[in-house]
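So the chains spell out like this:
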Amino acid sequence: MNPRPTADPCDTQMLTRCIELSRQATRDGENPFACIICDGDRIVAETTTRAARDGDITRHAEILAISAAQRILGTKSLAHCTIYSNIEPCAMCAFCIRETNIRRVVYSIASPVLGGLSKWNILGDTDISDALPEIFQAPPEVVGGLLEAEAEQVWREWHPVDWAILRQRRAMGNHDGATPVTATDSALVSVRRLFWRTLRSWLGDDHARPPGTR
Ligand SMILES: [Zn+2]
């Protein structure tokens, strides 16, 4: 599934703010992940990841925003809300989006390896809503790839080499018709440890290590 962007001034405004939040996250020592939840054009919650600061891999920006929105609105259901993220929500966050019945999901950069839509299709799954309609509503509308270049620029400025490797491995971004990122084998070997450092940081521990280094 490869959702394409639709022109919506509110989406563009909110996602622009979300991308700026992802830049702020890097200044706080985090990876560039950020999220905003809106009820109409009103911002209910805006967050960045806190995984590094809290030493907790469950502290994704989307989950923090969902928790805050539920608390602020005083309800478990966020069926009138839209969630914005600079990266396609992961599988963990996608399930929370489905269980809170968030109506729309808007993101910039696809996540073909970790994403809750393009990898595991949790956001688009109809089995759970067909089997348990009392809990799960129909899949949300998804708009992906909006302001992709702007969101990618934050990652590129943050760690140019890591971003190049993520693109080369097709772990981030929409590669349909895109010119592949190229790098020589020797260059990839020399920066390989940087990739694993990034991956370990994402996972929040030392589970991810290059083969043969344990
Ligand atoms: Zn997540």
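Figured I'd write up the structure that's included with this text. (Residues numbered from 1 in each chain as written. Predicted model: local features only at pLDDT ≥ 70, side-chain atom pairs only at ≥ 80, totals over all residues.)

## Observations regarding the overall build of the chain
From N to C terminus, the chain includes nine helices and five strands. Across the chain, helices and strands are ordered from the amino to the carboxyl terminus as α-β-β-α-α-β-α-β-α-β-α-α-α-α. Across the 214 residues of the chain, 38% fall into the buried class. Once local pairs closer than 6 in sequence are excluded, the contacts in the chain between residues at least 24 apart make up 57%. (Helix = DSSP H or I, 4+ residues; strand = E, 2+ residues; numbered from the N terminus. Buried ≥ 20, exposed ≤ 12 C-beta atoms within 10 Å, placed from the backbone. Contact = placed C-beta atoms within 7 Å.)

## Quick look at the packing of helix α1 (residues 9-27) against helix α6 (residues 148-158)
At a closest axis distance of 9 Å, the pairing of α1 and α6 adopts a crossing angle of 10°. As summarised for this structure, α1 and α6 are arranged roughly parallel, according to the angle between their axes. Only Glu150, Ala151, Val154 and Trp158 of α6 make contact with α1, whose side of the interface consists of Ile19, Ser22, Arg23 and Thr26. Residue composition of the contact of α1 with α6, grouped by class: four nonpolar, two polar and two charged. (Axes fitted to C-alpha atoms, helices over the stretch in contact; angles between N-to-C directions. Parallel < 35°, antiparallel > 145°, perpendicular 65-115°, else oblique. Nonpolar A, V, L, I, M, F, W, Y, C, P; charged D, E, K, R; others polar.)

## Some points on the environment of Ala25
Among the secondary structure elements, Ala25 is positioned in helix α1. You can call Ala25 buried: it has 24 C-beta atoms within 10 Å. Along the chain, Ala25 and Thr48 lie 23 residues apart, while their C-alpha atoms are 5.9 Å from each other. Once residues lying within four places of it in the same chain are set aside, the contact partners of Ala25 are Glu30, Asn31, Pro32, Phe33, Ala34, Thr48 and Thr49.

## A short note on the nonpolar core
By size, the foremost hydrophobic cluster in this structure holds 50 residues, and its most contacted members are Cys18, Cys35, Ile37, Ala65 and Ile83. Cys35 has contacts with Cys18, Thr47, Ala61, Glu62, Ala65, Ile83, Tyr84 and Ser85, leaving out every residue within four places of it along the chain. (Core = buried A, V, L, I, M, F, W, Y, C linked by C-beta atoms within 7 Å.)

## Concerning the sheet that holds strand β3 (residues 81-87)
Pairing within the open sheet is mixed, and its five strands lie in the order β2-β1-β3-β4-β5. With partners counted over all chains shown, the strands left at the sheet margins are β2 (42-48) and β5 (141-143), one partner each. Neighbour to neighbour, the strand axes of the sheet diverge by 15° on average, direction disregarded. For strand β4 (residues 104-109) and β5, the ladder comprises three bridges, and the chain directions are parallel. Looking at β5, one finds that Val105 is bridged to Val142. α6 rests against β3 and β4 of the sheet, and its axis sits at about 55° to β4. (Pairing = 2+ DSSP bridges.)

## A few points about helix α3 (residues 61-73)
The terminal C-alpha atoms of α3 lie 18 Å apart, and with 13 residues this matches the ideal 18 Å at 1.5 Å per residue to within 8%. All buried positions along α3 are accounted for by Ala61, Glu62, Ile63, Leu64, Ala65, Ile66 and Ala69. Tucked inside the fold, the buried residues of α3 contact β1 (34-39), β2, β3 and α4 (91-99). Positive phi appears at Gly74, one or two residues downstream of α3, with a value of about 70°. (Expected span 1.5 Å × (residues − 1).)

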